[in-house]
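# Fold and geometry: a report
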Amino acid sequence: MSAKKIGLIACTGVVAGNMMGSGIALLPSTLAQVGSISIYSWIICLVGALSLAFVYARLGTNNPQEGGPIAYAGEISPAFGFQTGVLYYHANWIGNLAIAITGVSYLSVFFPVLNETIPAAIATIAAVWIFTFINLLGGSWVSRLCTIGLVLILIPVVGTALAGWTHFDPALYTQNWNTSHSSDSHAIVSAVLITLWAFVGVESAAVSSGLVDNPRRTVPLATMLGTALAGLVYILSTQVIAGMFPASEVAASGAPFALATSEVFGKWTAPFVAAFTALACFTSLGSWMMLVGEAGKRAANDGNFPKVFGEVDEKGVPKKGLIMASVMMTVLMIAITVLSSGDGHASDLFNVLSSDAVLLTMLPYFYSAVNMIRYEGMTTRNGFVMLFSGVACVFCFIALVGADPHALSATFIVSLAVFMFYGRKLGLRQHIERAANKIKGDDNKEAAAH
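What counts and what doesn't
- Residues numbered from 1 in each chain as written.
- Predicted model: local features only at pLDDT ≥ 70, side-chain atom pairs only at ≥ 80, totals over all residues.
- Heavy atoms only, no water.
- Salt bridge = Lys/Arg side-chain N within 4 Å of Asp/Glu carboxyl O.
- Helix = DSSP H or I, 4+ residues; strand = E, 2+ residues; numbered from the N terminus.
- Buried < 20%, exposed > 50% of the residue type's maximum accessible area, 1.4 Å probe, protein only.
- Expected span 1.5 Å × (residues − 1).
- Phe/Tyr/Trp six-rings, centres within 6.5 Å; stacked < 30°, edge-to-face > 60°.
- Polar contact = N/O pair within 3.5 Å; in protein donor to acceptor, adjacent residues only side chain to side chain.
- Contact = heavy atoms within 4.5 Å.
- Core = buried A, V, L, I, M, F, W, Y, C linked by side-chain atoms within 4.5 Å.
- 1 Å grid on protein atoms, 1.4 Å probe; cavity = no way out; pocket = protein on both sides within 12 Å on 5 of 7 lines; lining within 4 Å.
- Points joined across faces, edges and corners; volume = space filled by probe spheres on them.
- Nonpolar A, V, L, I, M, F, W, Y, C, P; charged D, E, K, R; others polar.
- Patch = residues over 30% accessible without salt bridge, like charges linked within 9 Å, V, L, I, M, F, W, Y side chains within 5 Å.
- Areas by Shrake-Rupley, 256 points an atom, 1.4 Å probe, with all protein chains shown as cover.

### Some points on the pattern of salt bridges
- Going through the model one piece at a time under the given rule, you end up with 4 salt bridges.
- One salt bridge in this structure joins Arg-374 and Glu-75, with 3.3 Å as the shortest N-O distance. Of this pair, Arg-374 sits in helix H17 (residues 362-376) while Glu-75 sits in helix H4 (residues 69-76); the two residues are 299 residues apart in sequence, bridging distant segments of the chain.
- By relative accessible area, Glu-75 is classed as partly exposed at 28%.
- One salt bridge connects Glu-311 with Lys-320, and the closest N-O pair in it is separated by 2.9 Å.

Take a look at the structure:
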């Protein structure tokens with residue numbers, strides 16, 4: 001049994017790979033619209049992400065639960081567990097499309113037809129289903145691919161982070177300091193949400209603890225190591241690029257790391273970087289789909305999702321749940337394509353969806369931090385633990401402050417609407433219990449009559 005489960009190295013690869021494979025590819029271009037002042041946003045996010053990593057590492061050691069944030073929210077209140085199961089599940093499968101689309105966009109370097117809306121949509125849907133079938137083979141296959149993807153993307157990213165400093169211009173870095181046309185404080189806070197997308201995945205090992213060998217040891221180590229590794233790579237690579245080119249040039253680039261490696265090593269590297277990045281995105285997609293399946297299974301086991309999401313095959317894979325998630329991703333991709341067909345707004349619509357996906361993870365993260373306060377108990381003996389829990393909570397607040405008001409309002413409405421379905425669930429349960437008690441009472445009366 002343990003031979004089929006993933007170990008420390010593979011689990012660390014899942015955590016770091018989920019972050020870097022889905023977050024690093026276009027970060028320099030996105031942050032160029034804010035400026036190199038985003039270094040402060042990185043620091044805020046790294047402190048917050050490490051605090052969240054500590055939360056999941058601590059809970060994973062002392063209170064290991066399959067499902068991660070869903071289980072921990074449920075320990076505070078069944079209502080929060082229901083809400084988290086819904087929010088976390090939908091945030092993940094929606095966010096998966098961002099990863100798939102990024103991979104397809106890098107493939108357009110080799111296949112220019114993928115710059116067109118319909119071919120790109122078809123390729124994205126194909127990628128989703130390819131990695132669905134890979135997930136059906138079992139968690140070990142996904143972890144191997146994710147580790148390979150991590151290595152592939154580290155080649156250009158680490159190469160840029162190390163060798164790029166030979167082309168770093170401090171004067172240019174200063175010139176690119178704040179390109180957002182707003183105050184420094186506003187620029188920093190607004191960039192927090194951008195950098196936060198890069199750290200989504202800090203809970204990866206905790207969510208899939210059921211697939212991990214010796215989770216009490218592996219999950220906390222993999223969580224901390226993966227988060228620290230991703231944060232270090234993020235800061236070094238994005239900051240060196242901020243001092244290599246004018247911000248406007250980086251912002252206009254669809255492949256910023258190809259741009260950087262071409263400057264450092266020569267133009268011959270650009271196709272290789274594009275290929276490596278595309279493969280890394282796709283392997284990260286496979287890993288995230290594994291987490292979506294595990295999250296759906298946990299929600300089903302808790303009675304918050306239909307039972308079909310919790311059904312597993314002989315390998316322990318929630319086969320039907322994975323297929324249904326892929327169907328939803330396919331439908332959403334078709335909807336995006338239809339709504340954006342011919343008007344050039346596909347990327348704008350998708351950016352809104354990915355931002356909402358990030359915001360939907362904030363409540364699950366917050367509940368996990370609160371649950372550690374509940375589990376450990378707020379006493380003077382564990383002040384160190386409480387410090388990390390408090391920082392993690394504040395980090396969630398800062399991320400919400402930096403969100404677009406419309407996206408934040410939509411997230412708030414959706415989060416409250418979930419409780420309506422929870423009320424329906426409780427009503428059905430009470431109705432069943434009353435019916436059962438009535439039948440039991442009638443049987444007792446009948447027995448007394450005889």
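### Observations concerning helix H5 (residues 78-107)
- The end-to-end C-alpha distance of H5 is 44 Å, a good match for the 44 Å that 30 residues give at a rise of 1.5 Å each.
- Counting buried positions along H5 gives 24 out of 30 residues, so the element sits mostly inside the fold.

### Comments concerning the packing of aromatic side chains
- Tallying each qualifying case throughout the model produces 22 aromatic pairs.
- Between the aromatic rings of Phe-168 and Tyr-173, the centroid separation amounts to 5.5 Å while the plane-to-plane angle is 50 degrees, which identifies the pairing as tilted.
- Looking at Tyr-173, the relative accessible area reads 16%, which means it is buried.
- Here the aromatic cluster, defined as three or more aromatic residues joined through ring pairs, consists of Tyr-40, Trp-165, Phe-168, Tyr-173 and Trp-177.

### Quick notes on unusual backbone geometry
- Positioned with a positive phi, His-181 is a non-glycine residue whose angle comes to about 60 degrees.
- Assignment of secondary structure puts His-181 in the loop between helix H8 (170-175) and helix H9 (184-199).

### Some details on the side chain of Thr-238
- You can see Thr-238 is positioned in helix H11 (residues 215-242).
- Under the relative-accessibility criterion, Thr-238 is labelled buried at 5%.
- At 2.7 Å, the side chain of Thr-238 forms a polar contact with the backbone oxygen of Tyr-234.
- Thr-238 has contacts with Leu-27, Pro-28, Leu-31 and Trp-42, leaving out every residue within four places of it along the chain.

### Quick look at the nonpolar core
- Trp-42, Tyr-89, Leu-196, Tyr-234, Leu-285 and Tyr-365 are the most contacted members of the largest nonpolar core, which totals 113 residues.
- In terms of residue count, helix H14 (residues 270-301) provides more of this core than any other element does, 15 residues in total.
- The contact partners of Leu-196, leaving out residues within four places of it in the chain, are Cys-45, Val-358, Met-362, Phe-395 and Ala-399.

### With respect to empty space enclosed by the protein
- Within the structure shown, the criterion is met by 4 cavities of 30 Å³ or more.
- Here the largest cavity defines a volume of roughly 140 Å³.
- Lining the largest cavity are 14 residues, and of these Pro-28, Leu-31, Ala-32, Thr-238 and Ala-242 sit closest to its centre.
- Elements supplying a minimum of two residues to the lining of the largest cavity: helix H2 (27-31), H11 and helix H12 (247-251).
- Taken together, the residues of the lining of the largest cavity break down into 8 nonpolar, 6 polar and no charged.

### Comments concerning a nonpolar patch on the surface
- Side chains of Val-109, Phe-110, Phe-111 and Val-113 sit close together on the surface and give an oily, nonpolar patch of about 360 Å² of accessible area.
- Secondary-structure assignment places Phe-110 in the loop between H5 and helix H6 (117-135).

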